[in-house]
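Spelled out, the chains give:
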Amino acid sequence: MKNRAAESDTICAITTPPGEGGVGIVRISGQAASQIAASLYRGTLSWDNLKSHTATFAEVIDPKNSTLIDEALFLPMFAPHSYTGEDVVEIQAHGNPLILNKILSAAILQGARLASPGEFTRRAFIAGRIDLAQAEAVMEIVTAKSDLQHQWALGQLKGQLSLKISGLKKQLVAVLAQIEASIDFSEEELPLQGRDKSASSIRDILFPMRALLEGYEMGRQIREGFTVVIMGRANVGKSSLMNHFLQEDRAIVTPIAGTTRDLLQEPVDLSGLSIKLVDTAGYRESVHPVEQEGVARAARVQKEADLVLWVLDSSQALTKDDLYLAEMLQDRPLIILLNKSDLPSVIEEKVLRLKYPNTEFVHISIKSDTGLKALSDCIKSCLIVSPEKEPPMLALLRHRNALMAAESRLTAALVSVEKGLSWEFPAIDLRESMDALGEIVGETTVDSLLNEIFGQFCIGK
């Protein structure tokens, strides 16, 4: 949507995914939505007798010549009790693209225009049905790739973050009111709040604000997924482990050392967690330039991994290649996998446990399919936030940046109060902090930002 005038247009779009399906939906929203839908409607009940939020079976006709397009359900949702806050009508027809486009074309010929990406949700935001953080959550629900991301997005849509921001703003308003009173009535004998009390009130806001920021990285990982890298020397079972998680022979497995020479990356849903699983070249000394590059890439990717699965062959003693990896992975988030547990163990496990006292060890046998359920549980417990902690609310970069700006100005206000500077200085910082919080929920924003956010949506949402 390019300008404010366009917000009064009646818009329409196909809201179901492209392709054939059992049902396809055309949505119309705006002042003329009911009138346009009525021109496409032919049923036993007159249009004026249809009830809001009640589906009615009828024929969809071409208004030009009254020819039949399809049989469908007409679902009117009259203002203000609709998604957009306007009159909305959904025509639920057969999911044939040919039919849906005929209905869409007929609606456009009757005066509607094709909706731009995200325009229905943008109108819901403008009407005050949802705030900007909730509007962004709609897109997160549509694109969620894991159960955790879906649950986080639902929380955002229900207003968990918005309520938190609203609470912080109310606290800021209370502090600012006291400070502005100190400015306006400094020469009168009124019981105004002192500097110690103001500083304490500001700290009470900073603590939950910083707690929100601390949860951003975990929230980002839940939203974007975790990176888990499989490492180990050649021929310890890394590719077999990769194939187990993928439930297909994606990685080539042979007895020949050095078969994997490049990074193999695949998405995996592990008990509701979205994971990018990376199989790496087995570490060993080699003169082959391609294999050397594969080893170098493995060394680089593990530095940015959220978790490393270090696979060892428990039926063999530690080799110099194992010991080299032991040093490389010393400070990494790690699970040590003792593979081939179906064979007699000769590995120096006690030595490893002394070197990695706080690391999880899991005995597995990919060949006999043992220990792999325990491994999945271990991966999940290492990655997700502990159940006793509050789930992270912050996951979008835009939200983090705005909250960081709010925290920065609030910290500056605290310093001004503690140093005894004029009350005007913390008052300015407190207002700027409030404005930054307002950006998260859309209270202080500009059209360019709205265009950027809603432009990421699909047409029809």
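Residues numbered from 1 in each chain as written. Predicted model: local features only at pLDDT ≥ 70, side-chain atom pairs only at ≥ 80, totals over all residues. Heavy atoms only, no water.

Draft legend 1. Spotlight on the pairing of strand β1 (residues 11-14). Note that β1 and strand β2 (residues 21-29) share four bridges and pair antiparallel. For Ile14, the partnering residue across the bridge sits in β2 and is Val26. The hairpin turn running from β1 into β2, its antiparallel successor, is six residues long, and Gly19 in that turn takes a positive phi close to 105 degrees. One ladder, built from two bridges, connects β1 with strand β7 (residues 113-114); its direction is parallel. Bridge assignment links Ile11 to a residue of β7, and that residue is Arg113. (Pairing = 2+ DSSP bridges. Helix = DSSP H or I, 4+ residues; strand = E, 2+ residues; numbered from the N terminus.)

Draft legend 2. Summary view of the sheet that holds strand β11 (residues 307-313). Read from one edge to the other, the open sheet built from six strands follows the order β9-β10-β8-β11-β12-β13, with strand pairing classed as mixed. Whereas interior strands pair on both sides, the edge strands pair on one side only; in this sheet they are β9 (264-270) and β13 (360-363). When strand polarity is set aside, the average angle formed by the axes of neighbouring strands in this sheet is 25 degrees. Here β11 runs beside strand β12 (residues 334-339); their pairing, made up of six bridges, is parallel. Bridged to Asp313 within β12 is Asn339. Packed on one face of the sheet, helix α13 (residues 372-383) meets β8 (226-231), β9, β10 (273-279), β11, β12 and β13 and runs near 170 degrees to β12. (Axes fitted to C-alpha atoms, helices over the stretch in contact; angles between N-to-C directions. Contact = heavy atoms within 4.5 Å.)

Draft legend 3. Spotlight on the pattern of salt bridges. Counting across every chain of the model gives 22 salt bridges. Residue Glu349 pairs with Arg353 through a salt bridge whose shortest N-O separation is 2.9 Å. Here the residue Glu349 and the residue Arg353 both occupy positions in helix α12 (residues 349-355), the gap between them amounting to four residues, near one helical turn. (Salt bridge = Lys/Arg side-chain N within 4 Å of Asp/Glu carboxyl O.)

Draft legend 4. Local environment of helix α5 (residues 147-157). Those residues of α5 lying buried are Gln149, Trp152, Ala153, Gly155 and Gln156. Taken end-on, α5 shows its buried residues confined to a sector of 155 degrees, consistent with a single buried face. Gly159 occupies a position one or two residues after α5 and carries a positive phi of about 95 degrees. (Buried < 20%, exposed > 50% of the residue type's maximum accessible area, 1.4 Å probe, protein only. Arc of directions from axis to C-beta.)

Draft legend 5. Structural view of the packing of helix α4 (residues 132-143) against helix α16 (residues 447-454). Where α4 meets α16, the axes come as close as 10 Å, and the angle between the chain directions of the two elements is 20 degrees. By the criterion of interaxial angle, the relationship of α4 to α16 is roughly parallel. Side by side, α4 and α16 meet where Leu132, Ala135 and Glu136 of the first sit next to Leu449, Leu450, Ile453 and Phe454 of the second. Of the residues assigned to the contact of α4 with α16, the class counts are six nonpolar, no polar and one charged. (Parallel < 35°, antiparallel > 145°, perpendicular 65-115°, else oblique. Nonpolar A, V, L, I, M, F, W, Y, C, P; charged D, E, K, R; others polar.)

Draft legend 6. Fine view of the state of the cysteines. Using the criterion set out here, one finds zero disulfides in the structure. Free cysteine Cys378: the closest other cysteine sulfur is in Cys382, separated by 4.3 Å. (Disulfide = S-S within 2.5 Å.)

Draft legend 7. Examining the sheet that holds strand β4 (residues 56-61) more closely. Strand order across the open sheet formed by seven strands is β3-β4-β5-β6-β2-β1-β7, with mixed pairing between neighbours. Single-partner strands in this sheet number two, and they are β3 (41-42) and β7. Alignment of strand β5 (residues 68-77) against strand β6 (residues 88-95), held across five bridges, turns out to be antiparallel. Its bridge partner being in β6, Pro76 is matched across the sheet by Val89. Against the sheet, helix α2 (residues 97-109) contacts β1, β2, β4, β5, β6 and β7, and its axis sits at roughly 150 degrees relative to β6. Contacts between helix α3 (residues 119-126) and the sheet are confined to β1, β2 and β7, with β1 contributing the most and set at about 135 degrees to the helix.

Draft legend 8. Summary view of unusual backbone geometry. Residue Pro80 is reached from Ala79 by a cis peptide bond, and omega for that bond is 0 degrees. The backbone phi angle of Asn235 is positive, close to 65 degrees, even though this residue is not glycine. Residues other than glycine seldom take positive phi values, yet Lys340 does so here, at roughly 65 degrees. Relative to the assigned elements, Lys340 resides in the loop between β12 and α12.

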